[in-house]
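If you want the building blocks of each chain, they are given just below.
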Amino acid sequence: MTQIPTTLEEAIAQAQQATLAAINDGMTRIQVELAIPELKIMPVAEQFLPALEASDKTLRVFFPDAGAAALARRDWGEKPYGIRGIGELKAAIQPEETVFLFIEPSSVEVKDVEALCNEIGDRTVIFLNPRMEDVATIGIGYAGRQLRERFLNSFDSYYYIRSLEGAALFRCYPAPWQLWLEKEEDYELLSEFPTRPSGEQLDRVLLGEAEDDAAEGTPSNSPAGTRKGFFSGLQQFLKALSQ
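For every chain, the first residue of its written sequence is number 1, and the numbers climb from 1 along that sequence. Thresholds applied to this predicted model are a pLDDT of at least 70 for local features of residues and 80 or more for the giving and counting of side-chain atom pairs; totals over whole chains, interfaces and linings are not thresholded and use all residues. Side-chain numbers come from the whole structure's heavy atoms, not from hydrogens or water.

A short note on the overall build of the chain
Link 1 in the chain: Of regular secondary structure, the chain possesses nine helices and 10 strands.
Link 2 in the chain: Burial classes follow relative accessibility: with a 1.4 Å probe on protein chains only, a residue under 20% of its type's maximum area counts as buried, one over 50% as exposed, and anything between as partly exposed. Counting only residues that meet the buried cut, the chain has 49% of its 243 residues in that class.
Link 3 in the chain: Any two residues whose heavy atoms approach within 4.5 Å are treated as being in contact. The contacts of the chain with a sequence gap of at least 6 include a subset with a gap of at least 24, amounting to 65%.
Link 4 in the chain: As presented, the chain carries roughly 12,200 Å² of accessible surface, and 48% of it is formed by carbon and sulfur atoms. Here a helix means four or more residues in a row that DSSP labels H or I, a strand means two or more in a row labelled E, and each is numbered from the N terminus. Note that accessible areas follow from Shrake-Rupley with a 1.4 Å probe, and for residues the cover is restricted to the protein chains shown.

If you want it as C-alpha coordinates, here you go:
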(Lines give C-alpha, C1' and ligand atoms only; values in the text may rest on other atoms or scores of the structure.)
Protein backbone atom coordinates (compact mmCIF):
# COMPACT_ATOMS: atom_id res chain seq x y z
CA MET A 1 0.00 0.00 0.00
CA THR A 2 1.29 3.46 -0.91
CA GLN A 3 2.38 5.47 2.12
CA ILE A 4 2.33 9.21 2.57
CA PRO A 5 5.89 10.49 1.90
CA THR A 6 8.23 11.56 4.67
CA THR A 7 10.50 13.81 2.60
CA LEU A 8 10.19 16.02 -0.45
CA GLU A 9 12.59 13.73 -2.31
CA GLU A 10 10.32 10.76 -1.59
CA ALA A 11 7.30 12.74 -2.78
CA ILE A 12 9.05 13.54 -6.07
CA ALA A 13 10.05 9.89 -6.50
CA GLN A 14 6.45 8.84 -5.91
CA ALA A 15 5.28 11.46 -8.42
CA GLN A 16 7.67 10.01 -11.01
CA GLN A 17 6.40 6.48 -10.43
CA ALA A 18 2.75 7.56 -10.54
CA THR A 19 3.30 9.50 -13.77
CA LEU A 20 5.04 6.63 -15.54
CA ALA A 21 2.33 4.22 -14.37
CA ALA A 22 -0.35 6.54 -15.76
CA ILE A 23 1.48 6.87 -19.09
CA ASN A 24 1.92 3.09 -19.32
CA ASP A 25 -1.82 2.69 -18.70
CA GLY A 26 -2.59 4.97 -21.62
CA MET A 27 -3.48 8.16 -19.75
CA THR A 28 -2.74 11.28 -21.78
CA ARG A 29 -3.91 14.19 -19.60
CA ILE A 30 -1.95 14.00 -16.36
CA GLN A 31 -1.60 16.39 -13.43
CA VAL A 32 1.08 16.17 -10.75
CA GLU A 33 0.37 18.43 -7.80
CA LEU A 34 2.58 19.03 -4.79
CA ALA A 35 0.37 21.65 -3.17
CA ILE A 36 3.00 22.98 -0.78
CA PRO A 37 3.13 26.69 0.09
CA GLU A 38 6.30 28.49 -1.01
CA LEU A 39 7.57 25.46 -2.92
CA LYS A 40 10.18 26.42 -5.52
CA ILE A 41 9.23 24.61 -8.70
CA MET A 42 12.57 24.75 -10.56
CA PRO A 43 14.48 22.26 -8.36
CA VAL A 44 11.37 20.05 -8.15
CA ALA A 45 11.08 19.98 -11.94
CA GLU A 46 14.80 19.21 -12.28
CA GLN A 47 14.42 16.20 -9.95
CA PHE A 48 11.18 15.09 -11.64
CA LEU A 49 12.49 15.12 -15.22
CA PRO A 50 14.95 12.16 -15.15
CA ALA A 51 12.08 9.65 -15.07
CA LEU A 52 10.74 11.09 -18.34
CA GLU A 53 14.22 11.42 -19.82
CA ALA A 54 14.88 7.73 -19.14
CA SER A 55 11.73 6.62 -20.94
CA ASP A 56 11.61 5.91 -24.65
CA LYS A 57 9.49 9.01 -25.23
CA THR A 58 10.51 12.19 -27.05
CA LEU A 59 10.08 15.06 -24.62
CA ARG A 60 9.26 18.78 -24.80
CA VAL A 61 9.23 21.05 -21.73
CA PHE A 62 7.24 24.27 -21.44
CA PHE A 63 7.57 27.05 -18.87
CA PRO A 64 5.06 29.92 -18.47
CA ASP A 65 7.48 32.42 -20.02
CA ALA A 66 10.71 32.67 -21.99
CA GLY A 67 12.69 33.95 -18.99
CA ALA A 68 11.98 30.86 -16.87
CA ALA A 69 12.77 28.61 -19.83
CA ALA A 70 16.10 30.39 -20.42
CA LEU A 71 16.98 30.02 -16.74
CA ALA A 72 16.28 26.29 -16.91
CA ARG A 73 18.41 25.88 -20.04
CA ARG A 74 21.27 27.69 -18.29
CA ASP A 75 21.05 25.79 -15.00
CA TRP A 76 20.20 22.32 -16.32
CA GLY A 77 22.79 22.23 -19.06
CA GLU A 78 22.34 20.88 -22.55
CA LYS A 79 19.32 18.64 -23.01
CA PRO A 80 18.29 16.53 -26.02
CA TYR A 81 14.83 18.13 -26.04
CA GLY A 82 13.37 21.60 -26.30
CA ILE A 83 12.78 23.81 -23.25
CA ARG A 84 10.68 26.83 -24.18
CA GLY A 85 8.29 29.44 -22.87
CA ILE A 86 4.66 28.85 -23.77
CA GLY A 87 4.43 31.92 -26.00
CA GLU A 88 7.80 31.65 -27.75
CA LEU A 89 7.88 31.50 -31.53
CA LYS A 90 10.31 28.58 -31.28
CA ALA A 91 7.75 26.63 -29.22
CA ALA A 92 6.07 25.02 -32.23
CA ILE A 93 5.02 21.41 -31.65
CA GLN A 94 7.14 18.88 -33.55
CA PRO A 95 5.71 15.63 -35.03
CA GLU A 96 8.29 13.41 -33.29
CA GLU A 97 7.53 14.76 -29.81
CA THR A 98 5.34 12.43 -27.76
CA VAL A 99 5.37 13.77 -24.16
CA PHE A 100 4.87 17.41 -23.21
CA LEU A 101 5.59 18.69 -19.70
CA PHE A 102 4.11 22.06 -18.70
CA ILE A 103 5.78 23.36 -15.54
CA GLU A 104 3.53 25.50 -13.33
CA PRO A 105 1.21 26.80 -16.08
CA SER A 106 -1.10 29.49 -14.74
CA SER A 107 -4.49 30.91 -15.61
CA VAL A 108 -2.72 33.77 -17.40
CA GLU A 109 -1.49 31.34 -20.07
CA VAL A 110 -4.56 29.11 -20.12
CA LYS A 111 -5.70 30.05 -23.65
CA ASP A 112 -2.23 29.47 -25.09
CA VAL A 113 -1.92 26.19 -23.19
CA GLU A 114 -5.29 25.03 -24.50
CA ALA A 115 -4.26 25.91 -28.05
CA LEU A 116 -1.01 23.96 -27.67
CA CYS A 117 -2.88 20.98 -26.21
CA ASN A 118 -5.30 21.04 -29.14
CA GLU A 119 -2.28 20.92 -31.47
CA ILE A 120 -0.71 18.12 -29.41
CA GLY A 121 -3.87 16.05 -29.83
CA ASP A 122 -3.86 12.60 -28.27
CA ARG A 123 -0.19 12.68 -27.25
CA THR A 124 0.70 12.81 -23.54
CA VAL A 125 0.50 16.12 -21.67
CA ILE A 126 1.67 16.49 -18.07
CA PHE A 127 0.96 19.51 -15.88
CA LEU A 128 3.41 19.88 -12.99
CA ASN A 129 1.88 22.05 -10.26
CA PRO A 130 -0.64 23.85 -12.48
CA ARG A 131 -2.15 27.10 -11.24
CA MET A 132 -4.91 27.41 -13.82
CA GLU A 133 -7.98 27.64 -11.60
CA ASP A 134 -7.66 31.32 -10.67
CA VAL A 135 -11.27 32.46 -10.60
CA ALA A 136 -10.23 36.11 -10.93
CA THR A 137 -8.67 35.33 -14.30
CA ILE A 138 -10.84 32.65 -15.90
CA GLY A 139 -14.11 33.77 -14.29
CA ILE A 140 -16.99 32.02 -12.59
CA GLY A 141 -19.64 32.65 -15.24
CA TYR A 142 -20.47 30.85 -18.45
CA ALA A 143 -17.06 31.37 -20.07
CA GLY A 144 -15.20 30.03 -17.05
CA ARG A 145 -17.55 27.05 -16.76
CA GLN A 146 -17.13 26.26 -20.45
CA LEU A 147 -13.35 26.44 -20.12
CA ARG A 148 -13.40 23.96 -17.26
CA GLU A 149 -15.75 21.56 -19.03
CA ARG A 150 -13.94 21.87 -22.36
CA PHE A 151 -10.34 21.76 -21.19
CA LEU A 152 -9.38 21.90 -17.52
CA ASN A 153 -11.57 18.98 -16.47
CA SER A 154 -9.93 16.74 -19.07
CA PHE A 155 -6.91 16.49 -16.74
CA ASP A 156 -6.83 14.19 -13.71
CA SER A 157 -4.45 14.27 -10.75
CA TYR A 158 -2.35 11.11 -10.73
CA TYR A 159 -0.12 12.42 -7.97
CA TYR A 160 -1.45 14.83 -5.37
CA ILE A 161 -0.49 15.89 -1.87
CA ARG A 162 -1.95 18.76 0.14
CA SER A 163 -1.94 19.60 3.82
CA LEU A 164 -5.36 20.21 5.34
CA GLU A 165 -6.21 21.38 8.84
CA GLY A 166 -5.21 18.39 10.93
CA ALA A 167 -5.00 16.07 7.94
CA ALA A 168 -3.53 15.54 4.48
CA LEU A 169 -5.15 14.62 1.17
CA PHE A 170 -2.98 12.25 -0.86
CA ARG A 171 -3.10 10.30 -4.10
CA CYS A 172 -0.40 8.24 -5.81
CA TYR A 173 -1.66 6.39 -8.89
CA PRO A 174 -2.70 3.59 -9.19
CA ALA A 175 -3.73 3.81 -5.53
CA PRO A 176 -7.01 5.62 -4.73
CA TRP A 177 -7.34 8.98 -3.07
CA GLN A 178 -6.45 8.85 0.62
CA LEU A 179 -7.19 11.00 3.65
CA TRP A 180 -4.52 10.87 6.33
CA LEU A 181 -5.21 12.16 9.83
CA GLU A 182 -2.54 14.09 11.69
CA LYS A 183 -1.44 12.43 14.94
CA GLU A 184 1.12 14.65 16.69
CA GLU A 185 4.13 14.12 14.36
CA ASP A 186 2.64 11.11 12.59
CA TYR A 187 -0.12 10.61 10.02
CA GLU A 188 -2.63 7.78 10.15
CA LEU A 189 -4.62 6.54 7.16
CA LEU A 190 -8.23 7.46 7.84
CA SER A 191 -10.10 6.71 4.62
CA GLU A 192 -9.80 6.04 0.88
CA PHE A 193 -11.94 7.30 -1.99
CA PRO A 194 -12.31 5.95 -5.55
CA THR A 195 -12.45 9.51 -6.92
CA ARG A 196 -11.25 12.87 -5.66
CA PRO A 197 -13.37 13.75 -2.62
CA SER A 198 -15.10 17.09 -2.31
CA GLY A 199 -14.42 19.44 0.58
CA GLU A 200 -17.79 18.48 2.05
CA GLN A 201 -16.91 14.78 1.92
CA LEU A 202 -13.60 15.40 3.64
CA ASP A 203 -15.26 17.47 6.36
CA ARG A 204 -17.83 14.76 6.99
CA VAL A 205 -15.20 12.02 7.21
CA LEU A 206 -13.04 14.08 9.56
CA LEU A 207 -16.08 14.72 11.74
CA GLY A 208 -16.97 11.03 11.72
CA GLU A 209 -20.27 11.66 9.95
CA ALA A 210 -19.58 10.01 6.59
CA GLU A 211 -20.33 6.33 6.94
CA ASP A 212 -21.35 6.10 3.30
CA ASP A 213 -18.28 8.03 2.09
CA ALA A 214 -15.92 5.93 4.19
CA ALA A 215 -17.64 2.61 3.45
CA GLU A 216 -15.27 1.89 0.57
CA GLY A 217 -12.30 3.35 2.38
CA THR A 218 -9.71 2.05 4.78
CA PRO A 219 -10.48 2.72 8.45
CA SER A 220 -7.95 4.31 10.76
CA ASN A 221 -7.03 0.95 12.31
CA SER A 222 -5.95 -0.45 8.94
CA PRO A 223 -2.63 -2.32 8.51
CA ALA A 224 -1.21 0.84 6.92
CA GLY A 225 -0.77 2.17 10.46
CA THR A 226 0.91 5.50 11.09
CA ARG A 227 3.83 7.23 9.49
CA LYS A 228 5.91 10.26 10.34
CA GLY A 229 4.24 13.06 8.46
CA PHE A 230 5.62 14.78 5.38
CA PHE A 231 4.21 18.12 6.44
CA SER A 232 5.62 17.92 9.97
CA GLY A 233 9.06 18.51 8.44
CA LEU A 234 7.94 20.79 5.63
CA GLN A 235 9.75 23.92 6.79
CA GLN A 236 13.04 22.01 6.92
CA PHE A 237 12.60 20.90 3.29
CA LEU A 238 11.68 24.40 2.12
CA LYS A 239 14.70 25.85 3.88
CA ALA A 240 16.95 23.29 2.19
CA LEU A 241 15.47 24.11 -1.20
CA SER A 242 16.03 27.84 -0.76
CA GLN A 243 19.75 27.46 -0.03
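The discussion continues.
Looking at the packing of helix α2 (residues 41-53) against helix α3 (residues 66-76)
Link 1 in the chain: Only the stretch in contact is used when fitting a helix axis, every axis being a line fitted to C-alpha atoms; angles between N-to-C directions are given from 0 to 180 degrees. For the pair α2 and α3, the least separation of the axes is 12 Å and the interaxial angle reads 55 degrees. Compared by their axis directions, α2 and α3 come out oblique. In the packing of α2 onto α3, the handedness of the crossing is right-handed. Of the residues in α3, those in contact with Met 42, Ala 45, Glu 46 and Leu 49 of α2 are Ala 68, Leu 71, Ala 72 and Trp 76.
Link 2 in the chain: Residues are grouped as follows: nonpolar covers Ala, Val, Leu, Ile, Met, Phe, Trp, Tyr, Cys and Pro; charged covers Asp, Glu, Lys and Arg; every other residue, Gly included, is treated as polar. The residue makeup of the contact of α2 with α3, split by class, is seven nonpolar, no polar and one charged. Each angle receives one of four descriptions, namely roughly parallel if under 35 degrees, roughly antiparallel if over 145, roughly perpendicular if within 65 to 115, and oblique otherwise. Here is the rule for handedness: rotate from the far helix to the near one, and if that takes an anticlockwise turn smaller than a right angle the crossing is left-handed, while a clockwise turn gives right-handed.

Points about unusual backbone geometry
Link 1 in the chain: In this model, Tyr 173 is joined to Pro 174 through a cis peptide bond whose omega is 10 degrees.
Link 2 in the chain: Within the element layout of this structure, Pro 174 appears in the loop between β7 (167-172) and β8 (177-183).
Link 3 in the chain: Residue Glu 38 is not a glycine yet carries a positive backbone phi of 70 degrees.
Link 4 in the chain: Judged by its relative accessible area of 68%, Glu 38 falls in the exposed class.
Link 5 in the chain: Despite not being glycine, Glu 104 has its phi angle at roughly 50 degrees, a positive value.
Link 6 in the chain: Tracing the sequence through the fold places Glu 104 in the loop between β4 (99-103) and α4 (110-120).

Looking at the pattern of salt bridges
Link 1 in the chain: Note on definitions: salt bridges are taken to be side-chain nitrogens of Lys or Arg within 4 Å of carboxyl oxygens of Asp or Glu. Per the counting criterion, the structure on display carries six salt bridges.
Link 2 in the chain: A salt bridge links Asp 75 to Arg 74, with the shortest nitrogen-to-oxygen separation between them at 2.8 Å.
Link 3 in the chain: When the shortest N-O distance is used, the salt bridge between Glu 104 and Arg 131 registers 4.0 Å. Pair noted here: Glu 104 is in the loop between β4 and α4 and Arg 131 is in the loop between β5 (124-128) and α5 (135-138), with a separation of 27 residues, a long-range link.
Link 4 in the chain: Look at Arg 131 and you get partly exposed, because its relative accessible area is 46%.

Some details on the packing of aromatic side chains
Link 1 in the chain: In this analysis, rings of Phe, Tyr and Trp, with Trp reduced to its six-membered ring, are considered paired at centre separations within 6.5 Å, and the interplanar angle assigns stacked below 30 degrees, edge-to-face beyond 60, and tilted for intermediate values. This model, assessed by the stated rule, comprises nine aromatic pairs.
Link 2 in the chain: Ring centres of Tyr 159 and Phe 170 lie 5.7 Å apart, and the angle between their planes is 85 degrees; this geometry places the pair in the edge-to-face category. Of this pair, Tyr 159 sits in strand β6 (residues 156-164) while Phe 170 sits in strand β7, and the two are 11 residues apart along the sequence. Across this residue pair, the class does not change: Tyr 159 and Phe 170 are buried.
Link 3 in the chain: Relative to Trp 177, the ring of Tyr 160 lies with its centre 5.2 Å away and its plane at 55 degrees, an arrangement referred to as tilted. On the criterion of sequence distance, the pair formed by Tyr 160 in strand β6 and Trp 177 in strand β8 is long-range, its members being 17 residues apart. Considered together, Tyr 160 and Trp 177 belong to a single accessibility category, that of buried residues.
Link 4 in the chain: Three or more aromatic residues joined by ring pairs form one cluster here, namely Phe 62, Phe 102, Phe 127, Phe 151 and Phe 155.

Remarks on the layout of surface pockets
Link 1 in the chain: The computed volume of the largest pocket comes to approximately 380 Å³.
Link 2 in the chain: Any residue with an atom within 4 Å of a point lines the site, the site being either a cavity, points on a 1 Å grid over the protein atoms alone where a 1.4 Å probe fits but cannot get out, or a pocket, an open set with protein on both sides within 12 Å along at least 5 of 7 lines. Around the largest pocket sit 16 residues that line it, and Gln 31, Glu 33, Phe 155, Ser 157 and Arg 196 are the ones nearest its centre.
Link 3 in the chain: Contributions of two or more residues to the lining of the largest pocket are made by β1 (29-35) and β6.
Link 4 in the chain: Looking at side-chain class alone, the lining of the largest pocket contains seven nonpolar, three polar and six charged residues. Grid points are joined across faces, edges and corners, and a volume is the space filled by probe spheres set on the points.

So, the packing of helix α1 (residues 8-24) against α2
A pair of packed helices can be characterised by two numbers: the angle between their axes and the separation between those axes.
Link 1 in the chain: Where α1 meets α2, the axes come as close as 9 Å, and the angle between the chain directions of the two elements is 35 degrees. Here α1 and α2 pass one another in a crossing that is right-handed. Along the contact surface, α1 presents Glu 9, Ile 12, Ala 15, Gln 16, Thr 19, Leu 20 and Ile 23, while α2 presents Val 44, Gln 47, Phe 48, Pro 50, Ala 51 and Leu 52.

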